[in-house]
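Remarks on the overall topology
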Amino acid sequence: MESRSQALTTLRLERVGLNVQAFLALVQVIGGTSLTSLIIEDAAVALNRADAEYFARRLPPTLTSLALSNMHFESAGFALFVVNFPPRLENLTINQILMGDDGARALAQHMSRKLTSLSVHQCGITDEGFAALVPRLPATLQSLDLGGNLITRAGIQHCFKQIPSPRGRGLIGWLNLGKANGAVTANWLPKSLEVLKLGSCGFNEADAKVIVTVLKRAAPGLKRLDLSGNGLDVERAPRADGLEIVL
């Protein structure tokens, strides 16, 4: 039997099947707790702007881990939701929620600088939102999931491009590149990053080689790169010493 402290610090809800009014009533109850972890999966509820803001404001300030999936925020509701996030969040999962590029930009502006884990899988983010979000990642981030979004080949060609070094050698880099001691480095990846997931983004083998080349320079601490769901040929997929590449 769970203790009272356990019951008050962690809450997991799956397929709750509530209408908006009932969901908001539940949110009100949650706001009166000292939860540190809240998981709401497949809520299938649609929140307008006022509902989204109320939801965020009622989240306990003690919350350090928040995971939401399969919810719908109408109009600019997601942006209002993000603005009012609890300040102590360390783990944030937002999967199968159509935030789009506007939501990605809002998240970039207001995400906790204490995050160690961020997942925005299958959220309708295109190249524009991707480019806005990634440079604002907190320095504490260890795990990042950007899989299942609408990153196109054209977007890859725009973001990963040839940057001439002072010696005239072409090096692969990311949008918002910085130079240090004559070497080209990508400055958008936190040095603490250990896991990066880019599954189901439509990358081919050539794209994958570019990604690995950049990451070896930009994220020397990276231990695991997940490229599953891209249909990459095992024989032609890139390899890198010290980096586990999941296909």
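Up top you'll find the structure we're talking about.
Residues numbered from 1 in each chain as written. Predicted model: local features only at pLDDT ≥ 70, side-chain atom pairs only at ≥ 80, totals over all residues. Heavy atoms only, no water.

Quick word on the overall build of the protein chain
- The secondary structure content of the protein chain amounts to 8 helices and 15 strands.
- Every one of the 247 residues in the protein chain was classed for burial, and the buried ones make up 47%.
- By element, 49% of the accessible surface of the protein chain is carried by carbon and sulfur atoms, the whole surface being about 12100 Å². (Helix = DSSP H or I, 4+ residues; strand = E, 2+ residues; numbered from the N terminus. Buried < 20%, exposed > 50% of the residue type's maximum accessible area, 1.4 Å probe, protein only. Areas by Shrake-Rupley, 256 points an atom, 1.4 Å probe, with all protein chains shown as cover.)

What about the sheet that holds strand β14 (residues 224-226)?
- Strand order in the open sheet formed by 9 strands is β1-β2-β4-β6-β7-β8-β13-β14-β15, with parallel pairing between adjacent strands. Looking along the sheet, the strands with just one partner apiece sit at the ends: β1 (10-14) and β15 (244-246). For this sheet, the mean inter-axis angle between neighbouring strands, taken without regard to orientation, is 5 degrees.
- Sheet topology note: the β1/strand β2 (residues 37-41) ladder contains 5 bridges and is parallel. Counterpart to Arg12 in the pairing with β2 is Ile39. (Pairing = 2+ DSSP bridges. Axes fitted to C-alpha atoms, helices over the stretch in contact; angles between N-to-C directions.)

Thoughts on helix α5 (residues 100-110)
- Considered for burial, the residues of α5 that qualify are Gly100, Asp101, Gly103, Ala104, Ala106, Leu107 and Ala108.
- Considering only its buried residues, α5 is in contact with α4 (77-83), β6 (91-95), β7 (117-119) and α6 (127-133). (Contact = heavy atoms within 4.5 Å.)

What about the packing of helix α2 (residues 20-31) against helix α3 (residues 49-58)?
- Packing of α2 against α3 brings their axes to within 8 Å, and their N-to-C directions diverge by 20 degrees. In terms of axis orientation, α2 runs roughly parallel to α3. The two elements α2 and α3 meet at a crossing, and its hand is left-handed. Between α2, through Val20, Phe23, Leu24, Val27, Gln28, Ile30 and Gly31, and α3, the contact on the second element is made entirely by Asp51, Tyr54, Phe55 and Arg58. (Parallel < 35°, antiparallel > 145°, perpendicular 65-115°, else oblique. Left-handed = near helix turned anticlockwise from the far one by under 90°.)

Examining α3
- Those residues of α3 that sit buried are Asp51, Ala52, Phe55 and Ala56. Along the axis of α3, the buried residues cluster in a sector spanning 130 degrees; they form a single face. Those residues of α3 that are exposed and angled more than 90 degrees off the buried face are Ala50 and Arg57.
- The inward-facing, buried residues of α3 contact α2, β2, β3 (46-47), β4 (65-69), β5 (72-73) and α4. (Arc of directions from axis to C-beta.)

With respect to the pairing of β6
- Alignment of β4 against β6, held across 5 bridges, turns out to be parallel. Paired with Ser69 across the strands is Asn95, a residue of β6.
- Handedness of the crossover joining β6 and β7 through α5 is recorded here as right-handed. (Right-handed = clockwise from strand over helix to strand, strands pointing away.)

Overview of the packing of aromatic side chains
- All told, the structure shown has 6 aromatic pairs when counted by the stated rule.
- Here the aromatic rings of Phe73 and Phe81 are separated by 5.1 Å at their centres, their planes lie at 35 degrees, and the arrangement is tilted. Side by side, Phe73 and Phe81 carry an identical accessibility label, which is buried.
- Ring plane angle 80 degrees and centroid distance 5.2 Å describe the contact between Phe81 and Phe85, whose orientation is recorded as edge-to-face. As far as the burial class goes, Phe81 and Phe85 line up, both buried.
- Through a chain of ring-to-ring contacts, the aromatic side chains of Phe23, Phe55, Phe73, Phe78, Phe81 and Phe85 assemble into a single cluster. (Phe/Tyr/Trp six-rings, centres within 6.5 Å; stacked < 30°, edge-to-face > 60°.)

Some details on the pairing of β2
- Here β2 lies mainly inside the structure; 4 of its 5 residues are buried.
- Between the parallel pair β1 and β2, the chain is carried across by α2, and the sense of this crossover is right-handed.
- Relative to β4, β2 runs parallel, the two being bridged by 4 bridges. Among the inter-strand pairings, Ile40 is bridged to a residue of β4, identified as Leu68.

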